[in-house]
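Remarks on the overall topology
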Number of protein chains: 2
Amino acid sequence: MQYFTDTDMGLDLSLVNLAVESAFSDHGKGLVLMPPKVYVTLPEGDFRTMPAYLPSLSIAGVKIVNVHPGNPQKGLPTVMALTVILDISTGEPVAVINATRLTDMRTGAAGAIAAKYLSSKKEITLGVVGTGRQAEAQVAAISRELKIRDIKVWGCNPEHVRKFADRFMEYPCSSGSLERVCDCDLLVTTTPSRSPLVQAEWIHEGTHINAIGADAPGKEELDPALLKRAQVFVDDPAQAVHSGEINVPISQGIFRKSDIAGTLGEVVIGRKKRERKEGITIFDSTGLAIQDLAIAHIAMQQGKKIDLPFP
Amino acid sequence: MQYFTDTDMGLDLSLVNLAVESAFSDHGKGLVLMPPKVYVTLPEGDFRTMPAYLPSLSIAGVKIVNVHPGNPQKGLPTVMALTVILDISTGEPVAVINATRLTDMRTGAAGAIAAKYLSSKKEITLGVVGTGRQAEAQVAAISRELKIRDIKVWGCNPEHVRKFADRFMEYPCSSGSLERVCDCDLLVTTTPSRSPLVQAEWIHEGTHINAIGADAPGKEELDPALLKRAQVFVDDPAQAVHSGEINVPISQGIFRKSDIAGTLGEVVIGRKKRERKEGITIFDSTGLAIQDLAIAHIAMQQGKKIDLPFP
C-alpha cells in the first residue's frame, strides 16, 4: 500500500479535464457503479463518504471528505479529503491519497467540461461569484476549454477579491456588484450560501451557469425562478435532488425532478444538449466519486509516495 | 496523520468486548450517527463502506472492507479492511488503521455480547459451524463472557476442522455431523452459505444462535422455519433486512421486518430480552460501523504507528 502525500504539484489540468470528461462519458453510458454519497453530521460540520467503481480505468475506491466552515479560524482548510483505492481483483487497499487539492481540481474539471459542452460561446466573459479555492479551480480548469476574454469577480471580502484578481493577472479582471458580475457569458457560483444570491432578472439570455456551491441540503445560490427559465443539467440526479442547487426548490415544490434536462454524462455522449443558443443553461454540480477516481488514477502515476505495510 | 500498521497484537479481548458492548448500548439509546453500509460490486467480490460517528468516544470515521472469496487462492485474506478516523471538531483525517484483524475481533465481540445477554445458560456446550477466522474470533470472544464446557465443530474441510480443534486445545473439542453440532447450548454459524445449512428440527429449545455468516444479499445459513420459531434480534434493522440472515426470508415474504424481536442495543440497555428460558433466540449479525470505531479507539492507544504528512 502506498500513501500519496501531495498530489497537486504539476498535474496537467488539460489531462485532468480529459480524465473527468471520460468519467462523465462512462456515467452517461451507465458504465460506472456509484451509490449516492453518504453524509454524516459532526458537531461543527459534516463528512461525506463517496465509494465508486470505474471499470474503464480498472479503479475502485472511496473518497472521504469533510466540510467544516469554521476551520480557517483554526488554520485548517474548510474541506479536506482522503481517497482510498482498492485493487479491483482482490479488494486489497493499494493506495491512500491526500485528496484535498485533487478535490478542488476535479470539481474545477467538471465545471470546465460543463462549460465546454453547454456554453453558447467559445470566447467568454467569465463571471465568478466567490473567491475561494473552488473559484480559482473553476477559472483554471475552464481556461483549458474556452478562451477567457475577461473576468468579473464578486466576493464579500475586498481583500479576498484583490488576491483573486492578482492570481489571474493574465486576464483583464474587474470586481463589481453581484448584478454587474452576473452580466457575463459564463457564470460560476462557488459560495456556501443558504439563500439565493443570483436573481433571475440579472441573467441574460445565452448565459451558462456552473452552480458549484450548493453541496448539502439547505444550500442554494440561484433564484428558483432562474431554474424554471433554464435547462438544468445535473451531475447525478439522486445527489442533486438531495444536496445540489435544486435541493431547496425541490423540497419546496418549486422544481421537480422531472424538470431536470439531463445529466452532464448524457451531454458528453451527445444524448442531451443545449437546445437554443439564446437559452440559459445551468450545471448543478454536487461532485461525483467517479471524478475522484479519475483524478486519483492520474495522481497515482505522478505523485510523491510513501510505502506502507499492508496487510 | 498516523498509519496503524498492525493492531491485532496484544489487544485485551475483554476490553474489546466491553467497548463493543458500550457502542451497542449507545446504539440502543439512539446516541450514534450511522447510515447503513453501502455495497459496491467488483468483478470478483465487493467492497462495503461504513461511516459513523460515535459521540460518547468522540470518534468518527469510515471502515472500508472487501469480501473476495477467491482471495485465499491468491495468498490474500478473503476480507481485508482499512479504517479512516477523522477529528470530530475539524473533520481532518487523523488516522488510517489496518483493520483486517480488528474486523474479526469486533465481530467476535458482538457475538460475545449477544451470547452474554441472550444465552439461557452461563456454562455452555458451544457448537461452531465453519472453521475460518470468524469461527475462531467468536470462540475467543465468547470465552470471555461465558464458561465454555466443550466445543463441537463442523466444517467441510477435515484439515481445517483439525486445525480449529488444535487452536482451542484448552477445551474438549469434537467434530461431527452438522446435526450433531447443532445439538448444543450456543450455536455460532460462520459460513458464506447461500442456502440454509441448519435445519429447524436440529435445534433444541433453549438454544441461542449467533448467525454471523450472512452479510450480503442472497446469503443465508438457517432454515427460515427456525426464524419463525425463534426470537430474532438484529444489530441494525436496515442492514439486516438488506444483507443479514433474514434478507432472503424477507425477500421471499417468509419473514417480515415486524417479526424482528429487537436490536442487540435494545437488549444491552434492557429494553428487550429473551422471553423464555426454553425459547430459541437468534442474533443476526451484519456488522456495524460503530463496532469498528469502538475497536479503533482501543487500537489507536496501543498499536504500532507511522507518522504521515497531512494536509
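Predicted, not measured: the structure shown is a model, and the values here were computed from it.

Concerning the overall build of chain A
Along chain A, the regular secondary structure elements total 10 helices and 17 strands. Each principal axis of the C-alpha distribution contributes one length, and for chain A these read about 60 × 40 × 40 Å. Scored against the burial criterion, the 311 residues of chain A give a buried share of 57%. Within chain A, contacts between residues separated by at least 24 positions form 72% of all contacts whose residues are at least 6 apart in sequence.

Structural notes on the packing of helix H2 (residues 100-118) of chain A against helix H10 (residues 289-302) of chain A
Residue and element names in this part refer to chain A. Where H2 contacts H10, the two axes come as close as 9 Å, and the packing angle between them is 120 degrees. One way to sum up the angle between H2 and H10 is to call them oblique. Handedness of the crossing formed by H2 with H10: right-handed. Judged by residue contacts, Leu-102, Met-105, Arg-106, Ala-109 and Ala-110 of H2 engage Gln-291, Asp-292, Ala-294, Ile-295, Ala-296 and Ala-299 from H10. Of the residues in the contact of H2 with H10, the class split is eight nonpolar, one polar and two charged.

A few points about the sheet that holds strand S14 (residues 231-234) of chain A
Residues and elements named next belong to chain A. Read across the open sheet, the eight strands follow the order S9-S8-S7-S10-S12-S16-S14-S15; overall the sheet is parallel. The sheet is open, and its two borders are formed by strand S9 (173-175) and strand S15 (262-263), each paired with just one other strand. Examined bridge by bridge, strand S7 (residues 123-129) and strand S8 (residues 147-154) share seven bridges and lie parallel to one another. Among the inter-strand pairings, Ile-124 is bridged to a residue of S8, identified as Ile-148. Contacting S7, S8, strand S10 (186-189) and strand S12 (208-211), helix H3 (residues 133-142) crosses the sheet at an angle of about 170 degrees to S7.

Focus on the relation of the copies chain A and chain B
With an RMSD of 0.0 Å, chain A superimposes on chain B once it is rotated by 180 degrees and translated 0.0 Å along the axis. Each copy turns onto its partner about a two-fold axis. Rotation axis and chain A: the residue whose C-alpha lies nearest the axis is Thr-49 of chain A, separated from it by 3.9 Å. A shared interface surface links the copies, since 100% of the contact residues of chain A are contact residues in chain B too.

Digging into the nonpolar core
Ranked by size, the top nonpolar core spans 200 residues in total, and within it Ala-52 of chain A together with Ala-52 of chain B carry the most contacts. Apart from the residues lying within four places of it in its own chain, the contact partners of Ala-52 of chain A are Val-32, Leu-33, Met-34, Ala-60, Ala-289, Ile-290 and Leu-293 of chain A together with Val-40 of chain B.

Comments concerning the domain arrangement of chain A
Residue and element names in this part refer to chain A. As assigned here, chain A comprises domain 1 (2-103 + 290-307) and domain 2 (111-286). One C-alpha centre belongs to domain 1, the other to domain 2, and the line joining them spans 23 Å. In this assembly, 15 residues from domain 1 lie in contact with 19 residues from domain 2. Per-element tally for the side of domain 1 that touches domain 2: the top contributor is helix H1 (residues 13-28), with nine residues. Looking at the side of domain 1 that touches domain 2, its residues break down into six nonpolar, five polar and four charged.

A look at the sheet that holds strand S17 (residues 304-307) of chain A
Residues and elements named next belong to chain A. With respect to topology, seven strands assemble into an open sheet ordered S2-S3-S4-S5-S6-S1-S17, the strand pairing being mixed. Two strands in the sheet have a free side with no partner beyond their single neighbour: strand S2 (38-42) and S17. Pairs of neighbouring strands in the sheet enclose a mean axial angle of 20 degrees, with direction left out of account. Pairing analysis gives six bridges linking strand S4 (residues 59-67) to strand S5 (residues 81-86), with the strands arranged antiparallel. Residue pairing in the sheet places Ile-64 in a bridge with Leu-82 of S5.

What to know about the interface of chain A and chain B
Contacts between the two partners involve 43 residues from chain A, matched on the other side by 43 residues from chain B. Those elements giving two or more residues to the side of chain A that touches chain B turn out to be strand S1 (2-6), S2, strand S3 (45-54), S4, S5 and strand S6 (93-98) of chain A. Among the elements that make up the side of chain A that touches chain B, the one with the highest residue count is S3 of chain A (six residues). Classifying every residue of the side of chain A that touches chain B gives 28 nonpolar, 12 polar and three charged.

Focus: helix H3 (residues 133-142) of chain B
Burial analysis of H3 of chain B places seven of its 10 residues in the buried class, which makes it a mostly covered element. Within the span of H3 of chain B, buried status applies to Gln-134, Ala-135, Ala-137, Gln-138, Val-139, Ala-141 and Ile-142 of chain B.

Remarks on unusual backbone geometry
Residue and element names in this part refer to chain A. A cis amide bond links Phe-310 with the next residue in sequence, Pro-311, at an omega value of -10 degrees. Looking at the secondary structure, you find Pro-311 in the segment after S17. Of note, the phi angle at Ser-58 is positive, near 50 degrees, even though the residue is not glycine. Among the residues examined, Ser-58 registers 12 C-beta atoms within 10 Å and is labelled exposed.

Considerations on the confidence of the model for chain A
When pLDDT is averaged across chain A, the result is 96; 99% of the residues are at 70 or more. The ipTM assigned to the predicted complex is 0.93, against a pTM of 0.94.

Observations concerning the environment of Ile-148 of chain A
All names here are of chain A. Counting through the fold element by element, Ile-148 comes out in strand S8. Spatially, the C-alpha atom of Ile-148 lies 8.5 Å from that of Lys-122, the residues being 26 residues apart in sequence. Excluding its chain neighbours within four sequence positions, the residues that come into contact with Ile-148 are Ile-124, Leu-126, Ile-142, Ser-143 and Tyr-171.

Here's the deal with the pairing of S7 of chain A
All names here are of chain A. Among the seven residues of S7, five are classified as buried, and the element is accordingly described as predominantly covered. Taken together, S7, H3 and S8 constitute a β-α-β crossover, and its handedness is right-handed. In terms of strand pairing, S7 meets S10 through four bridges, oriented parallel. Looking at the pairing, Val-129 lines up with Thr-189 of S10.

Thresholds, definitions, all that
- Residues numbered from 1 in each chain as written.
- Chains lettered and ligands numbered in written order.
- Predicted model: local features only at pLDDT ≥ 70, side-chain atom pairs only at ≥ 80, totals over all residues.
- Helix = DSSP H or I, 4+ residues; strand = E, 2+ residues; numbered from the N terminus.
- Buried ≥ 20, exposed ≤ 12 C-beta atoms within 10 Å, placed from the backbone.
- Contact = placed C-beta atoms within 7 Å.
- Axes fitted to C-alpha atoms, helices over the stretch in contact; angles between N-to-C directions.
- Parallel < 35°, antiparallel > 145°, perpendicular 65-115°, else oblique.
- Left-handed = near helix turned anticlockwise from the far one by under 90°.
- Nonpolar A, V, L, I, M, F, W, Y, C, P; charged D, E, K, R; others polar.
- Pairing = 2+ DSSP bridges.
- Least-squares fit on C-alpha atoms with pLDDT ≥ 70 in both.
- Core = buried A, V, L, I, M, F, W, Y, C linked by C-beta atoms within 7 Å.
- Domains from an automatic or database assignment.
- pLDDT = per-residue confidence, 0-100.
- Right-handed = clockwise from strand over helix to strand, strands pointing away.

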